[in-house]
Amino acid sequence: MQYFGERLRDLRHEKHMTQKQLADKLDLSKGTISAYEQGKKYPSIEVLIKLCNILQVSADYLLGLSDDMQLMRSNLTDEQMSTFRKLIYDMEQYNTLKNSPK
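In what follows, the accompanying structure is described.

**Structural notes on the overall build of the protein**
Per the secondary structure count, the protein includes six helices and zero strands. Residues classed as buried in the protein amount to 29% of the 102 residues present. Of the contacts made within the protein by residues no fewer than 6 positions apart, 48% connect residues no fewer than 24 positions apart. Roughly 7500 Å² of accessible area belongs to the protein as shown, and the carbon and sulfur atoms make up 52% of that amount.

**A few points about the nonpolar core**
Ranked by internal contacts, the top residues of the largest apolar core, which has 17 residues, are Phe4, Leu8, Leu22, Leu51 and Leu62. Within the residue set of this core, elements represented by two or more residues are α1 (4-14), α2 (19-26), α3 (30-37), α4 (45-55) and α5 (59-63). Looking at which element gives the most residues to this core, the answer is α4, with five residues. Here Leu8 is in contact with Leu22, Tyr36, Glu37, Leu51, Leu55 and Leu62, once residues within four sequence places are set aside.

**A word on the packing of aromatic side chains**
Counted by the stated rule, this structure contains two aromatic pairs. Both rings, one in Phe4 and one in Tyr36, keep their centres 6.2 Å apart while their planes meet at 70°; by these two values the pair is edge-to-face. Taken as a pair, Phe4 in helix α1 and Tyr36 in helix α3 lie far apart in primary sequence, 32 residues in all. Given a relative accessible area of 4%, Phe4 falls into the buried group. Between Phe4 and Tyr42, the ring centres sit 5.9 Å apart and the planes meet at 50°, which makes this aromatic pair tilted.

**Looking at the side chain of Arg12**
Here Arg12 is to be found in helix α1. Polar side-chain contacts of Arg12 include one of 2.8 Å to the backbone oxygen of Met17. Setting aside residues up to four positions removed in sequence, Arg12 forms contacts with Met17, Thr18, Gln19, Leu22, Glu37 and Leu55.

**Brief notes about the pattern of salt bridges**
Evaluation of the coordinates by the stated rule reveals three salt bridges. The salt bridge involving Arg9 is made with Asp10; its shortest N-O contact spans 3.8 Å. Judged by its relative accessible area of 27%, Asp10 is partly exposed.

**Here's the deal with the side chain of Gln19**
When you line up the elements, Gln19 lands in helix α2. By relative accessible area, which is 15% here, Gln19 ends up buried. At 2.8 Å, the side chain of Gln19 forms a polar contact with the side chain of Glu37. For Gln19, the contacting residues outside a window of four places in its chain are Arg12, Lys30, Ile33, Ser34 and Glu37.

Analysis parameters
- Residues numbered from 1 in each chain as written.
- Predicted model: local features only at pLDDT ≥ 70, side-chain atom pairs only at ≥ 80, totals over all residues.
- Heavy atoms only, no water.
- Helix = DSSP H or I, 4+ residues; strand = E, 2+ residues; numbered from the N terminus.
- Buried < 20%, exposed > 50% of the residue type's maximum accessible area, 1.4 Å probe, protein only.
- Contact = heavy atoms within 4.5 Å.
- Areas by Shrake-Rupley, 256 points an atom, 1.4 Å probe, with all protein chains shown as cover.
- Core = buried A, V, L, I, M, F, W, Y, C linked by side-chain atoms within 4.5 Å.
- Phe/Tyr/Trp six-rings, centres within 6.5 Å; stacked < 30°, edge-to-face > 60°.
- Polar contact = N/O pair within 3.5 Å; in protein donor to acceptor, adjacent residues only side chain to side chain.
- Salt bridge = Lys/Arg side-chain N within 4 Å of Asp/Glu carboxyl O.

In structure tokens:
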């Protein structure tokens, strides 16, 4: 299971952001972001909310309470969402067949 610091670091890398860039967006120091990623400190509720908005994930995911990363779809068209839903359905069906007893 990944914990807060690991998830924060991985999500920051996915967004191609440095610790300094993320710190600037949050009005924090680079050292604070480093401490979060190392598990030495944890953010306040206000900072957690900002992190979720910047990284486009739920707090449950970032905190390690859920492995479901919420798909942020605000910039997707209905057609694109339909394609994603079909792809997810197809993957679920594949996994069901793959994992079913023979």
